[in-house]
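Examination of the molecular architecture
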Amino acid sequence: MNLRELVSALNDFASPSLAESWDNVGLLVEPSPPHTVNTLFLTNDLTEEVMEEAVQKKADFVLSYHPPIFAPLKRVTWKTWKERLVVRALENRIGIYSPHTAYDAIPHGVNNWLAKGLGTCTSVPLHPSTAPSSPAEGTHRVEFCADAEHLDAVLSKIKDIPGISCLTTLPARVEGEEQTRVSLNCSQKALLEVVALLSQNSLLYHKTEILLLQKPLLPHTGMGRLCTLSEPVSLSDVIERIKGHLQLPHVRLAVGAGRTLESPVKKVALCAGSGSSVLKGTEADLYLTGEMSHHDVLDAVANGINVILCEHSNTERGFLSELRDALTIHLQNKINIIVSEKDRDPLQVA
């Protein structure tokens, strides 16, 4: 499959627009065209050891869940390990792509896979995603009617305001008089200037309507998940379920104030990776994530919420096998897809 065709298919699988604004997703390293991809290599973290594995397995393309390039690179030399990754990729004509938080948001992504470890449950995103292209521009719509005497002067001044879009005019009859109905989209900042302009004419101002443009929510899509178990189970049972799902011999546990290992768990708020900012303030019996700050754990415990921490990438890596199967179908079996055997969490218990 041609590289550009593959990237387009991957963007269809999980739109980069769903990623968090701070993230660095999409195609990160592109060999000179034309570039044909026969073998796609999946990893959670692209380390030097994993890159060597990709080279040995003659991969043409690496999909790394975490972006190996996050902070901007000022040079590409052999000095640092991330720079060396780029050098090795280009020398061996390997493309690098990262989906990261786009895969967190999608209904068939990392967080839904993590939720499967809880048993039978229903789930909704903690922070739902909005449709990226609706509305196309502006945060507010302003509509007002003006007569011929004032129309040209008002439109002339409005067009000079930065942040105005979708300006339209239509004939209208107001209280038996022929007027023009003006509709425009504007940014939050431009709204203040439009209102200030219209308020100079009381007739215009009293005929003004301001609408907040809200993008529709995408179903089952967004950051984190709030899961409601079909039947409450003890905290100790949930721990065993999670350990089994993630294939971990142990997890870290903080028991909420007033709770015990036998306390029932019905609602679980979860977030793969680092969940503090996503989970904070959510009412639940249990927070499940890879890592949280010390003080956020203390806050949760004080509020009677149990916390299970599994280490960052342990809440993500197991998804790769499911992803391999999903991409095989999505890409119509056109590419050989393999999962790294060297990729692993950097932390261990000594």
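Every value quoted in this text rests on a predicted model; they were computed, and no experiment measured them.

1. Some words on the environment of leucine 3
Structurally, leucine 3 can be placed in helix α1 (residues 3-13). Sequence separation between leucine 3 and phenylalanine 61 is 58 residues, and the spatial gap between their C-alpha atoms is 8.4 Å. If we skip the residues at most four places from it in the chain, leucine 3 touches Glu30, Pro31, His35, Val37 and Phe61.

2. Some remarks on the sheet that holds strand β15 (residues 336-339)
Sheet architecture is open: five strands sit in the order β1-β4-β3-β2-β15, paired in mixed fashion. Two strands lie at the open edges of the sheet, namely β1 (26-29) and β15, each paired on one side alone. The sheet shows a mean angle of 25° between the axes of neighbouring strands, taken without regard to direction. Two elements, strand β3 (residues 61-64) and strand β4 (residues 95-98), share three bridges in a ladder whose sense is parallel. Directly across from valine 62, in β4, lies its bridge partner isoleucine 96. Packed onto the sheet, α1 meets β1, β2 (39-43), β3 and β4 and runs at close to 20° relative to β3.

3. Focus: helix α2 (residues 48-56)
When α2 is considered as a whole, its buried residues turn out to be Val50, Met51, Glu53, Ala54 and Val55. Looking at the buried side of α2, the elements it contacts are β2, β3, α3 (81-91) and β4. Remark: lysine 58 follows α2 within two positions and exhibits a positive phi of approximately 55°.

4. Considerations on the packing of aromatic side chains
To describe a pair of aromatic rings, you give the distance between the ring centres and the angle between the ring planes. Evaluation of the coordinates by the stated rule reveals four aromatic pairs. When the ring of phenylalanine 13 is compared with that of tyrosine 103, the centres are 5.8 Å apart and the planes differ by 75°; the resulting orientation is edge-to-face. Residue phenylalanine 13 is found in helix α1, and its partner tyrosine 103 is found in helix α4 (residues 101-105); the two are separated by 90 residues along the sequence. Taken individually, phenylalanine 13 and tyrosine 103 each receive the classification buried, so the pair is uniform in this respect. Aromatic pair phenylalanine 61 and tyrosine 97: ring centres 6.2 Å apart, planes at 35°, arrangement tilted. With a gap of 36 residues between them, phenylalanine 61 in strand β3 and tyrosine 97 in strand β4 connect regions that are remote in the sequence. Each member of the pair, phenylalanine 61 as well as tyrosine 97, is classed as buried.

Rules and cut-offs
The residue numbering used here restarts from 1 in each chain and proceeds along that chain's sequence as written. Two thresholds apply to this predicted model, a pLDDT of at least 70 for residue-level local features and 80 or more for giving and counting side-chain atom pairs, whereas whole-chain, interface and lining totals are computed over all residues. For side-chain calculations, the full set of non-hydrogen atoms in the structure is used, while hydrogens and water are omitted. Counting from the N terminus, the helices are DSSP H or I runs at least four residues long and the strands are E runs at least two residues long. Residues are treated as being in contact if the distance between any of their heavy atoms lies within 4.5 Å. Strand pairing is defined by DSSP finding a minimum of two bridges between the two strands. Geometry is summarised by axes, namely lines fitted to C-alpha atoms with helices restricted to the contacting stretch, and by angles between N-to-C directions that run from 0 to 180 degrees. Burial classes follow relative accessibility: with a 1.4 Å probe on protein chains only, a residue under 20% of its type's maximum area counts as buried, one over 50% as exposed, and anything between as partly exposed. By convention, a stacked pair of Phe, Tyr or Trp rings (six-membered ring in the case of Trp) has centres within 6.5 Å and planes under 30 degrees apart, an edge-to-face pair has planes over 60 apart, and any other such pair is tilted.

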